[in-house]
Amino acid sequence: MALTGIQILKMLPKTNCGECGIPTCLAFGMKVAAGQIEIEKCPYVSEEAKATIGEASAPPIRTVKLGAGDASVTLGGETCLFRHEKRFEHPTGLGVLITTAMSAGDVDGRISRFNSLRYERVGVMMKPELIAIKDSSGDQGAFTGLVQKVLDGAADASLILMSDKPENLGAGAKVCGPRIPLLMGADSNNAETLAAMAKELNCPLGVKGTNVDNAVEIVENLLKAGVKDLVIDTGARTAKGLLEDNIVARRSAIVKKFKPLGFPTIAFPCEMTDDLLMEAMIASLVIAKYAGMIILSDLQGDVLFPLLLERLNLYTDPQRPMVVKEDVYPINGPAESAPVLITCNFSLSYFIVSGEIEGSKVPSWLLIKDTEGLSVLTAWAAGKFGADMIAQFVKKSGISDKVNHRELIIPGYLATIKGELEEELADWTITIGPREAGHLPAFLKEWKPAK
Ligand code: SF4
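Once a new chain begins, its residue numbering starts again from 1 and follows that chain's sequence as written. Per-residue local features of the predicted model are confined to residues with pLDDT of at least 70, and side-chain atom pairs are confined, for both listing and counting, to 80 or more; whole-chain, interface and lining totals are unaffected and use all residues. No hydrogens and no water enter the side-chain calculation; it runs on all heavy atoms of the structure.

Things to note about the overall build of the protein
How we decide: Note on conventions: DSSP H or I runs of at least 4 residues are helices, E runs of at least 2 residues are strands, and numbering of each starts at the N terminus. Three labels apply to residues, based on accessible area from a 1.4 Å probe with only protein chains included: buried if under 20% of the type maximum, exposed if over 50%, partly exposed otherwise in between. Whether two residues are in contact is decided by their heavy atoms: any pair within 4.5 Å suffices.
Looking only at helices and strands, the protein features 17 helices and 17 strands. Across its three principal axes, the protein shows a C-alpha extent of roughly 80 × 60 × 40 Å. The buried share among the 451 residues of the protein stands at 50%. Across the protein, every contact between residues at least 6 apart in sequence was considered, and the portion connecting residues at least 24 apart equals 67%.

Given below as structure tokens:
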């Protein structure tokens, strides 16, 4: 059962030294109880207390890691049913299936698309993380050869090995070395063998159930055998079944504290339809509803990009806006005669505005004012982007030393503060810029300093 902050406090040194980054042990205990900080951040807590608190404060969905270094992915660790209750912790891993039955060209194409389909959005690199390698023929040499090919060709892929033959899984895992793969999968017949193998090779193990009840039975056996890191496939191969199973698993783990379903799930839209768009729809459905990993039959930009974007939107922390640092950003190599613009530090605003300036090819200075991640109008309404605050920031930013003019271009939506800002920045001319970032290139190309 979860411990309260006071119960955790009793196990802390109570010296209030602050080395954990929190001023008091009580505040630290409260944060540990709320799952906002790891108990390991206190260097003075005993190993015994760590074990007790760690067990009690472990998330209801176990955190499972595969791979190593750049080729690693972390799944699970979830603590809530709905994003607005707290946040979702580890984004659904997206991947592609490669099998020993595919031609070399098909395999190469998938590896190449895995490496090339990457998109930067609001400063975040969005990409697939997983390659599932399936042993279709039972030929160990062909399987390990394919595993090696993927290891060599996709340097940052985390691997899922799929075979009906435990010995082939073991051989494939040995080829992976430190890039620890997920072994798929343990069923009612081979659970004992695979449990021993997963423990020996220190690999997480995938459970291959025929339905939720069967998956629970296998998980219970694996837990008894001492395997801790599991990923569950409930066997559902319809969109409705998959959705239901994922919801049942998450609710059981979080609301009922039912441990056998407290693991990340894996979905195989690649085995559910031949239609790539239908696959994308199923994937989209279960990104929203709790899939830990999703394996697609192929990676195509028009399908992958919206899935990555959906994932990005769901897995941002609703309590922490995405922000960029307050600063002066030179864009396109500005000289001292270049225009000076200002906007808020909401990531999306920054990346849209800086993208348009960059696209205009007009060398410019962009001032980013800390508005605590609020967008222009919201920040203004919240009193974080008013004339006095903008003036204060402009004065301390050092921009006056970088330019030979005194003209500040403000967002069109802030037109009402022009007069007030002119009073605050008496030696500056305030120019109202466009309302929409899309109109910035034309505006900047026409711009001439006023004084
Ligand atoms: Fe208390 Fe440990 Fe934090 Fe120091 S580091 S304040 S002892 S919890």
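Let's pick the thread back up.
Overview of the nonpolar core
Definition in use: Residue types Ala, Val, Leu, Ile, Met, Phe, Trp, Tyr and Cys, when buried and joined through side-chain atoms within 4.5 Å, form a set referred to as a nonpolar core.
Ile131, Ile133, Leu159, Leu161, Leu205, Leu222 and Ile294 are the most contacted members of the largest nonpolar core, which has 74 residues in total. When residues of this core are assigned to their parent elements, the largest contribution, seven residues, is made by helix α11 (residues 301-314). Setting aside anything within four residues of it in sequence, one finds Leu222 in contact with Ala186, Ala191, Ala195, Leu205, Val207, Val227 and Leu230. One finds Val376, Val394, Ile399 and Leu408 within the second-largest nonpolar core, a separate group that totals 25 residues.

Here we look at the site of the ligand
Our working rule: Put simply, a residue is near a molecule or strand once any heavy atom of it comes within 4 Å of that molecule or strand. The rule is simple: put a 1 Å grid over the protein atoms alone, call a set of points where a 1.4 Å probe fits but cannot get out a cavity, call an open set with protein on both sides within 12 Å along at least five of seven lines a pocket, and count a residue as lining if it has an atom within 4 Å of a point. For a cavity or pocket, the test is whether more than half of a molecule's atoms lie within 2 Å of its grid points; if they do, the molecule sits there. Here the nonpolar group is Ala, Val, Leu, Ile, Met, Phe, Trp, Tyr, Cys and Pro; Asp, Glu, Lys and Arg are the charged ones; every other residue, Gly included, is treated as polar.
Every residue lining the ligand is accounted for by Pro13, Thr15, Asn16, Cys17, Gly18, Glu19, Cys20, Cys25, Phe28, Cys42 and Pro43. The cavity where the ligand resides is the second largest cavity. Of the residues in the shell around the ligand, the class split is seven nonpolar, three polar and one charged.

With respect to empty space enclosed by the protein
Any empty space left between the atoms is revealed when a probe the size of a water molecule rolls over them. Applied cut-off: Grid points are joined across faces, edges and corners, and a volume is the space filled by probe spheres set on the points.
For the coordinates displayed, the defined rule picks out two cavities of 30 Å³ or more. Of the volumes computed, that of the largest cavity is approximately 120 Å³. If you trace the largest cavity, you find 17 residues lining it, with Arg250, Pro264, Thr265, Tyr290 and Gly292 closest to the centre. Where the lining of the largest cavity is concerned, the elements lending two or more residues are α9 (239-254) and β12 (291-296). Partitioning the lining of the largest cavity into residue classes produces nine nonpolar, six polar and two charged. Of the pockets and cavities examined, the second largest cavity occupies roughly 100 Å³. Around the second largest cavity, the lining comprises 16 residues; the ones closest to its centre are Cys17, Gly18, Cys20, Cys25 and Cys42.

Thoughts on a nonpolar patch on the surface
Test applied: What goes into a patch is any residue over 30% in relative accessible area without a salt bridge, connected to like charges within 9 Å or, for nonpolar side chains (Val, Leu, Ile, Met, Phe, Trp, Tyr), within 5 Å. In these tables, accessible area is a Shrake-Rupley quantity obtained with a 1.4 Å probe, and a residue counts as shielded only by the protein chains included in the view. We count a salt bridge whenever a side-chain nitrogen from Lys or Arg sits within 4 Å of a carboxyl oxygen from Asp or Glu.
Together, Ile6, Leu26 and Met30 line one region of the surface with nonpolar side chains, adding up to about 270 Å² of accessible area. In this fold, Leu26 is placed in helix α2 (residues 25-33). For Leu26, a relative accessible area of 39% corresponds to the partly exposed category.

Looking at the packing of aromatic side chains
Stated precisely, the cut-off is as follows: Pairing of aromatic side chains here covers Phe, Tyr and the six-membered ring of Trp, requires ring centres within 6.5 Å, and sorts the geometry by plane angle: under 30 degrees stacked, over 60 edge-to-face, intermediate tilted.
Evaluation of the coordinates by the stated rule reveals five aromatic pairs. A ring pair is formed by Phe88 and Tyr315, whose centres lie 5.6 Å apart and whose planes are at 50°; its orientation type is tilted. Of this pair, Phe88 sits in the loop between β2 (71-75) and β3 (93-99) while Tyr315 sits in the loop between α11 and β13 (327-331), placing them 227 residues apart in sequence. Taken as a pair, Phe88 and Tyr315 share a single burial class, namely buried.

Digging into the pattern of salt bridges
The final tally for this structure, using the stated rule, is 19 salt bridges. Here Lys208 ties to Asp164 by a salt bridge, and the two come within 3.4 Å at their closest N and O atoms. With a gap of 44 residues between them, Lys208 in strand β9 (residues 205-208) and Asp164 in the loop between β7 (158-162) and α6 (166-176) connect regions that are remote in the sequence.

Considering the environment of Leu117
Topologically, Leu117 is positioned in the loop between α4 (104-116) and β4 (119-121). Residues within four places of Leu117 in sequence aside, it is in contact with Met126, Lys127, Pro128, Leu299, Gln300, Gly301 and Leu304.

Focus: the environment of Leu243
Relative to the helices and strands, Leu243 is located in helix α9. Classification of Leu243 as partly exposed rests on a relative accessible area of 24%. Along the chain, Leu243 and Ala267 lie 24 residues apart, while their C-alpha atoms are 9.9 Å from each other. In this structure Leu243 touches Leu285 and Lys289, once residues within four positions along its chain are discounted.

Topic: the confidence of the model for the protein
Rules: The predictor attaches a confidence to each residue, called pLDDT, with possible values from 0 through 100.
With 99% of its residues at a pLDDT of 70 or more, the protein shows a mean pLDDT of 93. Taking the mean pLDDT of every element in the protein, the minimum, 82, falls on helix α3 (residues 47-56) and the maximum, 98, on strand β11 (residues 265-267).

Details of a negative patch on the surface
Note the threshold: All tallies of charge rest on Lys and Arg as positive and Asp and Glu as negative; His and the ends of each chain are not included. Charged groups are reduced to one reference atom each: NZ for lysine, CZ for arginine, CG for aspartic acid, CD for glutamic acid.
A cluster of acidic side chains, namely Asp388, Glu420, Glu423 and Glu424, defines a negative patch on the protein surface. At three residues, the largest contribution of residues to the negative patch is made by helix α16 (residues 418-424).

Comments concerning unusual backbone geometry
A cis amide bond links Met184 with the next residue in sequence, Gly185, at an omega value of -15°. Phi is positive for Asn16, which is not a glycine, with a value near 50°. By the element assignment, Asn16 lies in the loop between α1 (5-10) and α2. Even without being a glycine, Asn332 presents a positive backbone phi close to 65°. With respect to the element layout, Asn332 can be found in the loop between β13 and β14 (340-344). Here Asn332 falls in the partly exposed class, since its relative accessible area comes to 32%.

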